[in-house]
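Residue-level listing of the chains:
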Amino acid sequence: QVQLVESGGGLVQPGGSLRLSCAASGSILSINVMAWFRQAAGKQRELVARIISGGSTDYADSVKGRFTIARDSAKNTVYLQMNSLRPDDTAVYYCNVALTDRSAKVGVYWGRGTQVAVSS
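Residues numbered from 1 in each chain as written. Predicted model: local features only at pLDDT ≥ 70, side-chain atom pairs only at ≥ 80, totals over all residues. Heavy atoms only, no water.

Undergrad: Outline the packing of aromatic side chains, supporting the account with residue identities and numerical values.
TA: Evaluation of the coordinates by the stated rule reveals 2 aromatic pairs. Ring centres 6.4 Å apart and planes at 80° place the aromatic pair Y94 and W110 in the edge-to-face group. Separated by 16 residues along the polypeptide, Y94 in strand β9 (residues 91-101) and W110 in strand β10 (residues 106-110) bring together distant segments of the chain. By relative accessible area, Y94 is classed as buried at 14%. (Phe/Tyr/Trp six-rings, centres within 6.5 Å; stacked < 30°, edge-to-face > 60°. Helix = DSSP H or I, 4+ residues; strand = E, 2+ residues; numbered from the N terminus. Buried < 20%, exposed > 50% of the residue type's maximum accessible area, 1.4 Å probe, protein only.)

Written as C-alpha cells, this is what we have:
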C-alpha cells in the first residue's frame with residue numbers, strides 16, 4: 001500500500017505565491033518520477049511539472065519561470081513552489097508518483113488533489 005498526502009492549496013490573489021507538498025508513504029522501494037498535474041473546471045488534466053530520480057525537471061510552457069518543482073528524497077516528498085500566480089492557474093492540483101514498491105512492482109499513484117484558486 002502506498003499513500004500520497006497533499007497539502008498547501010488555498011485561495012491567493014493574482015501575483016501571489018503558494019507552495020504545495022506531497023508526501024508518499026507506505027511500501028516504497030524507490031521513487032522514479034514525482035509530478036504535479038492540474039485540472040481546471042471543464043478542462044482535461046494536464047502535466048504541470050515533473051522531476052525524475054536523477055533530478056532533471058520538466059515544466060509546462062505556461063508555468064516556466066514561475067513554478068519550481070523540488071524533491072526531498074529522504075522524506076519521499078515533492079514540492080511545487082508557485083509564484084506570480086494568475087487566475088488561469090486556478091485548478092485542482094494532483095500529485096502523481098511512479099515508484100517501485102517493496103515487492104518490486106512498478107505502479108503509478110495519484111493523490112486526492114488540492115484546490116488552488118487565484119482571484120482578487
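Undergrad: So what's going on with the pairing of strand β5 (residues 46-52)? Residues and values would help.
TA: Here strand β4 (residues 28-39) runs beside β5; their pairing, made up of 6 bridges, is antiparallel. Bridging across to β5, F37 finds its partner in L47. Between the end of β4 and the start of β5, which pair antiparallel, lie 6 residues, with G42 showing a positive phi angle near 75°. Pairing geometry for β5 and strand β6 (residues 57-59), over 3 bridges, is antiparallel. Bridging across to β6, I51 finds its partner in T57. Where β5 folds back onto β6 in an antiparallel hairpin, the turn is made up of 4 residues, including G55, whose phi is positive at roughly 105°. (Pairing = 2+ DSSP bridges.)

Undergrad: Can you tell me about the pattern of salt bridges, naming the residues and giving the values?
TA: Scanning the model with the defined rule gives 6 salt bridges in all. A salt bridge links K64 to D61; the nearest nitrogen and oxygen atoms lie 3.1 Å apart. The residue R86 makes a salt bridge to D88 at a minimum N-O spacing of 3.2 Å. Each of R38, E46, R66 and D89 takes part in a single network of salt bridges with overlapping partners. (Salt bridge = Lys/Arg side-chain N within 4 Å of Asp/Glu carboxyl O.)

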